[in-house]
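Below, each chain spelled out in residue letters.
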Protein chains: 2
Amino acid sequence: MTPGFNDEQRGGDKSLNPIYIKNPHLDLMKEDILYHFNLGTATHDLPAMFGDVKFVCVGGSPSRMKSFIQFIAGELNLGNPTDEYPNICAGTDRFSMFKVGPVLSISHGMGVPSISIMLHELIKLLHHARCIDVTVLRIGTSGGIGLKPGTVVITRQSVDASFVPQLEQIILGKKVLRSTELDDTLAEELLQCSKQLNDFETVIGNTMCTLDFYEGQARLDGAFCSYTEADKQGYLTEAYQAGVRNIEMESTAFAAMCKLSGLQGAIVCVTLLDRLEGDQLTSSHDQLHDYQLRPQILVGTYIKKKLNAV
Amino acid sequence: MTPGFNDEQRGGDKSLNPIYIKNPHLDLMKEDILYHFNLGTATHDLPAMFGDVKFVCVGGSPSRMKSFIQFIAGELNLGNPTDEYPNICAGTDRFSMFKVGPVLSISHGMGVPSISIMLHELIKLLHHARCIDVTVLRIGTSGGIGLKPGTVVITRQSVDASFVPQLEQIILGKKVLRSTELDDTLAEELLQCSKQLNDFETVIGNTMCTLDFYEGQARLDGAFCSYTEADKQGYLTEAYQAGVRNIEMESTAFAAMCKLSGLQGAIVCVTLLDRLEGDQLTSSHDQLHDYQLRPQILVGTYIKKKLNAV
């Protein structure tokens, strides 16, 4: 191990808010290919394309991130919501990326490994583009615990399946634990935004991140299940008592990588069902569609407010 | 825990080759919604749609799995390679699914969590459709170790980042280890196929599965890197000595879930670069495209041979 790399938890100096790239090898590379974006420093003028970015909104589904850019274009009076916005990552189908003004919208697929690929390349992209003061907002869907379906959860802490606020990574075959602490002020600002909107219920709570959707979230409806309904209820109740209000699959990586790179980050997920009541989504298509708009509306309102305050 | 669920490693009885659903709760459900496929038992006639499936080919990229169905349609004389085949999962953008005759082609995104969602729903789909004698083949891309780029690796054992053939899962907050043993005979048959094809180099070797593409695979070009080039070479050399010939991000979940459900499974990945030589993909677009066709060609030849032998 190289000495001088032990300050992983540094990334908190907000005086300048640059993007921290903690990799001395990167400066020695003649070219950096952001493979999963189909972009690169030798083939694209990244400062010209992305230098003005202030907000990056990320979510699992490519079509949701496309509709978000149309929505935000309308909200910010920067374009028509019915216009087509080109996919900047055309040429690869790993991720989709759209931009309007200072807002970037990117899909990240499902699960920690998928979002971690996207965030490595996003952090390098923002670094190469010399962006400063960037806020990253994850807008997603989740299963709720003890909440009415449709409630929006702003994450206080992202915790693992044992309710600990950490991301376990294996680097060179060895376990490394990273903090998943998020920005309290940003979470509180988002909650205030939601109160002003007064359109749907929003709470601040812990978010549990799992590596599996079925057994990992104590569902009874996967291909395999070796526990009882009582075991499931016991586990979810324990989670609730640890402050967990919703469950998804990307938040630990999101929080850890924001913290490491000095990006202000927040996670805003709507709950599609109450897991204490069931495992499958029984709401109507229209109802689910309406729920999925809520994080977009909240984050859109927040961005508009921040830009108008400048 | 319910008693009678301790025979997780059973799944090996090949006399009938049914799909093992190890979940007593499933039979009690009136309806099963395969949410990420946008399919369900109450809304779709799954036996009519999928009852004849004998081969399921899976891979990360939706467009690659679409082009695979066009290719296999031509190979099996079941359709024109230039025809459009409808996406059976239209209505969701989580996964894409295509079918021609007895062959199903499905995308699974990147990483263990993403493929595990897909496999839970695939195993339930095959069960609901009453399929028997199904073989699942993962066709993917990977980084090679000590191999010429373009070499195809058929996986002998899928190992984790410590070179152990196991998948660690967290169920109800507790660690569960599952075997990632694959079918030796199937791997050998695929190797024989490749010898007859004589079109590109193919080897059998261990495949390392990681939860991260950059730090998890000892790359020097991520947003974060706290180790040296020598550390990297040391780790990859250790992997090579443990029989690892390529690295990807889905094989442990694929192997464990095939084994648990009694599905015959094989993993066929092309290596896009030699990780001992570098981290970034420097081959031309055409060269990379040619490489990515190789697993498709090998698996296509195998399926054709198997169907002609019936």
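Residues numbered from 1 in each chain as written. Chains lettered and ligands numbered in written order. Predicted model: local features only at pLDDT ≥ 70, side-chain atom pairs only at ≥ 80, totals over all residues. Heavy atoms only, no water.

Where an unreviewed UniProt entry is consulted, chain A appears under the name Uridine phosphorylase, with the organism given as Paramormyrops kingsleyae. The record held by UniProt for chain A lists under Pathway (unreviewed entry) the comment "Pyrimidine metabolism; UMP biosynthesis via salvage pathway; uracil from uridine (phosphorylase route): step 1/1." UniProt, in its Function (unreviewed entry) section for chain A, records the words "Catalyzes the reversible phosphorylytic cleavage of uridine to uracil and ribose-1-phosphate which can then be utilized as carbon and energy sources or in the rescue of pyrimidine bases for nucleotide synthesis. Shows broad substrate specificity and can also accept deoxyuridine and other analogous compounds." (UniProt positions renumbered as here; feature names shortened; annotations may be inferred.)

All names here are of chain B. Locating Thr180 in the fold gives a position in the loop between β9 (174-179) and α4 (184-197). Thr180 gets classed as buried once you look at its relative accessible area, which sits at 0%. Here Ser158 takes part through its backbone oxygen, which lies 2.6 Å from a polar atom of the side chain of Thr180. Non-local contacts of Thr180, meaning those with residues more than four positions away in its chain, are made with Ser158, Pro165, Gln166, Leu167, Thr252, Ala255 and Ala256. (Helix = DSSP H or I, 4+ residues; strand = E, 2+ residues; numbered from the N terminus. Buried < 20%, exposed > 50% of the residue type's maximum accessible area, 1.4 Å probe, protein only. Polar contact = N/O pair within 3.5 Å; in protein donor to acceptor, adjacent residues only side chain to side chain. Contact = heavy atoms within 4.5 Å.)

Okay, the interface of chain B and chain A next. Facing the 72 residues of chain B at the interface are 72 residues of chain A. At the boundary of chain B with chain A, total buried surface from both sides reaches about 6200 Å², with 58% on carbon and sulfur atoms. When residues of chain B are sorted by the area they lose upon contact with chain A, Met110, Leu172 and Phe224 of chain B head the list and together hold 13% of the total. Here chain B is connected to chain A by two salt bridges. (Buried area = accessible area lost by both parts, 1.4 Å probe. Salt bridge = Lys/Arg side-chain N within 4 Å of Asp/Glu carboxyl O.)

Okay, the relation of the copies chain B and chain A next. Placing chain B over chain A gives an RMSD of 0.0 Å and needs a rotation angle of 180 degrees, together with 0.0 Å of translation along the axis. A rotation of that kind, with that shift, is consistent with a two-fold axis. A share of 100% of interface residues in chain B that are also interface residues in chain A marks the association as one of identical surfaces. (Least-squares fit on C-alpha atoms with pLDDT ≥ 70 in both.)

Residues and elements named next belong to chain A. Within this structure's numbering, the places UniProt gives as "binding site: phosphate" (unreviewed entry) are Arg94, Arg138, Ile139, Gly140 and Thr141. One can find Arg94 in the loop between α2 (62-75) and β4 (97-100). When you line up the elements, Arg138 lands in strand β6 (residues 135-144). Relative accessible area serves as the criterion here: at 2%, Arg138 is assigned to the buried category. Here Glu250 takes part through its side chain, which lies 3.0 Å from a polar atom of the side chain of Arg138.

One pass over the structure, following the stated rule, counts 26 salt bridges over all chains. As a salt-bridge pair, Arg178 of chain A and Glu215 of chain B come within 2.7 Å of each other at their nearest N and O atoms. With Arg178 of chain A in strand β9 (residues 174-179) and Glu215 of chain B in the loop between β10 (202-209) and α5 (229-241), this pair bridges two chains. Arg178 of chain A sits in the buried class, given a relative accessible area of 3%. Under the relative-accessibility criterion, Glu215 of chain B is labelled buried at 1%. In this structure, Glu181 of chain A and Lys259 of chain A form a salt bridge, with 3.9 Å as the shortest nitrogen-oxygen distance. Of the two residues, Glu181 of chain A is situated in the loop between β9 and α4 (184-197) and Lys259 of chain A in helix α6 (residues 251-261); the sequence distance between them amounts to 78 residues. When salt bridges that share partners are traced, they join Arg138, Glu248 and Glu250 of chain A into one network.

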